[in-house]
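Chain by chain, the residues:
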Amino acid sequence: MSRKQKPRHASRRWILSLTLFGAGLCGLVLEVVWIRNLGLVFGANTHAMSTVLAAYMAGLALGSLLVGRWAGRPERTRIGLSRTYAILLAGLGVTGVLVTLFSTRISVVAVPLLRAVGWNSGVSVAIRGLMGFVILLVPTFIIGGMLPVVAQLSVEDSSRVGQRLAMLYFVNTLGSVAGTLLAGFLLLEKLGVTGTALLAGIVSLLLAPFALAVGGRTVTTAHVKPQPGSAQQVHYSRPAVAVLVIGFAVSGFAALGYEVTWTRALVMVLGQPIYGATVVLAAFLLGLAVGSIAAGRLSDRWSDPLLGFGIVELIIGISAALTLAVLARSPAILVWITDQFGATWAGLMFGLAGFCLGAMLLPAFWMGTTFPIANRAFVPELRRLGAKVGTLYAVNTVGALLGSIVTGFFIIPALGTVQTNLLLAGLSLAVGAAAVLSAKSSARVKMPVLAVLGGVLVLVAVFATPHRLKVLPPTLAVDQGTTWQVSFHKETVEGIVTTAQSRAGDRQTWVNSSVVCGSGLPALKPVRQMGIIPFAVRPAPRDILIIGYGLGVAASLLVDISRHEVDCVEIAPAVVEASREFARWNNRVYDNARLNIMAGDGRNYLLCTDKKYDAISCDPTHPALGSGALYTREFYELCNDRLRDGGILTMYLPFHLLESRHFRMLLNTFRVAFPECALWRGIAHCVLVGRKSHRVELDPGHLTELFDRLSTSTQMALSEVFVDGPVELLSGMVLDSEGLASISQDAGLFVDDQPELEYVGARAPDNRTWRENAQLVLDNWTGPGEALLPGDSVFANALSSAMMAEKSRFQATIHAVAGKSDDQIRELERALEYNPEDREAQHILRMSTFGRSVNTR
């Protein structure tokens with residue numbers, strides 16, 4: 001090659017690297033966008049979203065296989081391949097944006113079909129999967145077809161196949177890391193779903209002209225003969241090639257299985273669904289990228305790359321088993337890391353990144369080495385290189401497709417996270433042993449390798465791998481056996497459900513790392529308010545829908561008071577099983593024939609049903625911890641459509657993990673959909689109440705009749721949270737429609753296309769946000785206001801005293817959260833001056849003075 005040609009080839013490689021990096025970036029950004037968009041259209045059902053992921057990977061496999069075969073034909077020229085590459089980049093930009101825009105409108109087609117077959121039936125899941133496949137097939141086919149085309153353009157020397165393919169894989173995967181971080185940390189929050197897709201599409205279109213430059217100006221073949229002095233190529237027998245191909249497919253299966261397993265475990269520990277999942281994926285991809293580039297040059301020097309592939313798979317299996325030791329100690333490790341970096345948002349992110357890299361880098365690094373090594377063994381010469389690379393990439397992608405589905409749907413629910421990890425490690429070890437035995441090397445080389453494997457496995461089993469390990473929320477993982485004792489633990493497709501009891505007798509249930517409900521007063525009061533409030537407005541509701549069973553506390557009151565069948569939609573059926581641990585608080589409502597529990601996503605149910613309700617009770621988890629789609633304008637509009645005129649919507653709303661701007665936006669979003677609304681306080685949380693087309697009117701006479709006809713069990717349940725009658729219920733109403741409007745007007749709206757709400761929790765982790773939001777409500781306190789109809793003077797005087805006491809108790813709670821115990825006690829004493837019969841103030845005062853006396857000893 002002349003000196004003039006070398007700079008030209010170098011510039012072409014730089015352009016190829018730039019465009020391939022950009023393609024990886026755009027592809028991952030669009031993947032994140034599509035998954036989120038289709039999740040909103042089809043509901044948050046895990047099966048539906050996993051079939052979307054399967055469709056994505058199927059498109060990759062099909063594209064790499066078919067485009068690779070086309071690119072590998074001997075008559076292909078560099079100009080022709082570069083044009084094809086440019087068309088693929090431009091096609092990704094156009095189809096990526098079109099899929100994003102179309103996916104928000106496919107419910108018009110999907111909903112009639114889902115209604116016909118049953119919204120949560122197996123056929124419904126199949127329909128969603130088919131629609132997802134059809135929608136994503138073209139853009140994912142394009143993404144899958146890029147790598148074999150670029151490989152055919154880039155690799156010119158048969159002695160450097162492994163090195164060049166490793167470089168391409170590294171650059172593409174590094175772009176994927178960048179796309180993951182950009183989408184997860186910046187773009188979706190700032191630009192929204194459509195804006196992010198448009199940006200990715202524009203970038204892909206801008207890269208297309210650069211791809212034309214790599215073809216040169218002369219028509220030359222893309223198949224260059226081996227350079228003089230090329231290393232001797234290794235040709236394996238058909239059985240050995242079969243072992244390689246099958247092993248590489250199993251390797252893809254295990255790799256995605258590991259990713260599903262580790263993401264499940266680490267996001268549980270990390271506690272932030274959006275940022276946690278983003279960091280986990282980025283760390284995994286970074287390990288793959290670094291591993292591929294590290295193995296590239298080495299793979300070209302091996303005289304027996306199949307042996308190298310086998311050794312690497314053995315190392316993957318061992319390192320994956322060692323990862324269990326990290327997971328076992330992950331809560332303590334994460335606490336130490338965040339302590340080092342501080343409790344700020346930046347410190348938390350550095351802690352997450354460091355922890356994920358430490359937990360996953362070693363096995364992910366070795367997984368990254370398999371791509372260049374396997375291709376080096378499978379591609380002994382440049383003839384039809386694109387076809388061979390495409391075939392091997394497709395095989396690996398199909399394996400990965402199956403790994404994501406089988407691991408998430410079947411293996412983890414059956415075996416649990418720990419045993420699943422061990423099973424996948426066993427698959428890697430089996431692939432490694434088969435590859436070593438099929439290699440060309442002599443037995444003198446193979447036997448020591450297998451002997452070392454056996455010895456290391458014994459050490460791992462004895463010293464590194466915990467005998468029994470459950471993936472628990474951080475609070476339980478750190479304090480299990482001391483403060484908390486686990487009484488229920490089940491891993492399902494929808495998540496990990498855990499119930500534990502403290503030494504003090506309190507119980508809590510978590511789904512992943514988010515608390516569903518507990519038995520303490522702050523947890524019980526708002527959900528029991530949600531059980532009685534719909535009946536406080538006349539006429540009494542007959543048809544009731546519950547979205548989010550929780551632990552059945554609100555459901556027990558709604559079923560008992562209504563005395564009619566109540567529909568309930570719960571996305572995690574294992575929560576219903578866990579609620580048996582709360583029989584004392586939910587009156588065994590799970591066995592009540594009048595409660596019709598349906599497994600599935602509540603938003604998806606509202607999309608598909610045409611049934612009208614008199615009341616909807618929605619009790620999701622915190623919007624920043626995975627339930628943001630249930631706090632948007634579109635969701636409230638769905639609820640409005642499913643309510644009859646005068647119907648009531650009650651909605652759990654937290655004070656914590658929300659900056660004041662976001663808290664005001666939540667109130668405004670609800671108020672826009674339900675202008676006639678009110679806010680009840682439940683000690684540390686609150687309940688939003690909206691009425692369709694009618695004012696929220698509270699009649700003292702009706703309320704007296706309501707409490708008179710309550711069953712003994714319901715009266716006891718309400719009394720336990722100090723709601724003994726109409727006065728106590730009404731005094732908890734702190735804002736009427738005008739009060740909500742004064743706080744929230746011009747605050748902005750949360751909408752599906754702008755998922756900002758899902759990002760706010762990690763940046764508001766302290767008690768400051770709770771105090772600010774609570775103080776904002778208290779400063780604008782209106783009480784029942786004009787919603788309350790006139791009553792007699794005795795009732796009015798009692799209510800006036802109770803409301804003044806409520807204001808003082810509210811301020812006392814704010815002081816308590818701020819750590820001002822003396823101020824808290826003064827406000828509680830003031831509450832008792834207003835209302836000497838205030839049992840809630842008496843109870844909290846006793847607990848406060850007891851705690852202070854204990855702390856001063």
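Right above here is the structure, for reference.
As a starting point, this report considers the structure included with it. (Residues numbered from 1 in each chain as written. Predicted model: local features only at pLDDT ≥ 70, side-chain atom pairs only at ≥ 80, totals over all residues. Heavy atoms only, no water.)

## Observations concerning the pattern of salt bridges
And then number 1: With the rule as written, the count across this model stands at 22 salt bridges.
And then number 2: For Lys525, the salt bridge goes to Glu840, with nearest N and O atoms at 2.5 Å. On the criterion of sequence distance, the pair formed by Lys525 in helix H16 (residues 521-536) and Glu840 in helix H30 (residues 839-855) is long-range, its members being 315 residues apart.
And then number 3: Classification of Lys525 as buried rests on a relative accessible area of 6%.
And then number 4: Note that Asp724 and Arg839 form a salt bridge whose closest N and O atoms lie 3.0 Å from each other. (Salt bridge = Lys/Arg side-chain N within 4 Å of Asp/Glu carboxyl O. Helix = DSSP H or I, 4+ residues; strand = E, 2+ residues; numbered from the N terminus. Buried < 20%, exposed > 50% of the residue type's maximum accessible area, 1.4 Å probe, protein only.)

## Brief notes about the packing of helix H3 (residues 78-103) against helix H5 (residues 122-154)
And then number 1: Where H3 meets H5, the axes come as close as 9 Å, and the angle between the chain directions of the two elements is 155°. The angle between H3 and H5 falls in the class roughly antiparallel. The hand of the H3/H5 crossing is left-handed. Contact with H3, carried on its side by Arg78, Leu81, Ser82, Thr84, Tyr85, Leu88, Leu89, Gly91, Leu92, Thr95, Val99 and Phe102, involves Ile135, Leu136, Val138, Pro139, Ile142, Ile143, Gly145, Met146, Val149, Val150, Gln152 and Leu153 of H5 and no other residues of that element.
And then number 2: Here the contact of H3 with H5 is built from residues that sort into 17 nonpolar, six polar and one charged. (Axes fitted to C-alpha atoms, helices over the stretch in contact; angles between N-to-C directions. Parallel < 35°, antiparallel > 145°, perpendicular 65-115°, else oblique. Left-handed = near helix turned anticlockwise from the far one by under 90°. Contact = heavy atoms within 4.5 Å. Nonpolar A, V, L, I, M, F, W, Y, C, P; charged D, E, K, R; others polar.)

## As for the pairing of strand S3 (residues 507-511)
And then number 1: Across five bridges, the pairing between strand S2 (residues 496-502) and S3 is antiparallel. For Thr499, the partnering residue across the bridge sits in S3 and is Thr509.
And then number 2: In this structure, the hairpin formed by S2 and S3 is closed by a connection of four residues, where Gly505 is found at a positive phi of approximately 100°.
And then number 3: When S3 meets strand S4 (residues 514-518), the two strands line up antiparallel, connected through four bridges. Paired with Gln508 across the strands is Gly518, a residue of S4.
And then number 4: Once S3 ends, the chain turns through two residues before running back antiparallel as S4, passing Asn512 with a positive phi of about 55°. (Pairing = 2+ DSSP bridges.)

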